[in-house]
Amino acid sequence: MEKALEKLARQLMGYDEASLASLWEKYAARVEHFEPTRRWEEAALVFGMIQAMRWKNQLFNFHWKQSSEGLGAPGLSPHGPELVSRPPMPRKEPPPARTARILPFRDPGAPENDD
């Protein structure tokens, strides 16, 4: 099992990061709309692999920066505040603002007055 996972990791690292990033939105949308299907499960795994690559790069860059600044950071947890937060989700345009209507309250027992 471990060898199979390591092989998957090597294959994933062999892919172009920009190509993986371009698929992020597609798989995020698929995973967002749950379906109890094998297709959804596969999409969730693909999305997870893309997220894993992003996290790996973020972690690598964090440690690279620490070492280049001479901080060394012994005992640094990979779960520091910079790494816990999720990468920003692509922003969707908000729906157009809906205008509100005020509905007048009419007492059913009162005579109608159409002024």
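Residues numbered from 1 in each chain as written. Predicted model: local features only at pLDDT ≥ 70, side-chain atom pairs only at ≥ 80, totals over all residues. Heavy atoms only, no water.

*Asks:* Run through the packing of aromatic side chains, naming residues and quoting values.
*Replies:* Taken as a whole, this structure holds three aromatic pairs when the rule is applied. Ring centres 5.4 Å apart and planes at 55 degrees place the aromatic pair Trp24 and Phe47 in the tilted group. Separated by 23 residues along the polypeptide, Trp24 in helix α2 (residues 17–32) and Phe47 in helix α3 (residues 38–68) bring together distant segments of the chain. Owing to a relative accessible area of 15%, Phe47 belongs among the buried residues under this scheme. Taken together, a centroid distance of 5.8 Å and an interplanar angle of 15 degrees make the contact between Phe60 and Trp64 stacked. Of this pair, Phe60 and Trp64 both sit in helix α3, four residues apart, which is roughly one turn of that helix. (Phe/Tyr/Trp six-rings, centres within 6.5 Å; stacked < 30°, edge-to-face > 60°. Helix = DSSP H or I, 4+ residues; strand = E, 2+ residues; numbered from the N terminus. Buried < 20%, exposed > 50% of the residue type's maximum accessible area, 1.4 Å probe, protein only.)

*Asks:* Go over the pattern of salt bridges, please, and point to the residues and values.
*Replies:* Here the structure, examined in full by the defined rule, presents one salt bridge. Notably, a salt bridge pairs Arg38 with Glu42, separated by 3.6 Å at the nearest N-O pair. In this pair, Arg38 and Glu42 are both assigned in helix α3, four residues apart and thus about one turn of the helix distant. Using a relative accessible area of 43% as the deciding quantity, one classes Glu42 as partly exposed. (Salt bridge = Lys/Arg side-chain N within 4 Å of Asp/Glu carboxyl O.)

*Asks:* Help me get a handle on α3, residues and values and all.
*Replies:* The end-to-end C-alpha separation of α3 is 45 Å, in line with the 45 Å expected for 31 residues at 1.5 Å each. Of the residues making up α3, those classed as buried are Trp40, Ala43, Phe47, Ile50, Met53, Asn57, Leu59, Phe62 and Gln66. Positive backbone phi, approximately 75 degrees, marks Gly70, located one or two places after α3. (Expected span 1.5 Å × (residues − 1).)

*Asks:* Tell me about the environment of Trp24, and please be specific about residues and values.
*Replies:* With relative accessibility at 5%, the residue Trp24 sits in the buried group. Counting along the chain gives 24 residues from Trp24 to Gly48, while the straight-line C-alpha distance between them is 9.6 Å.

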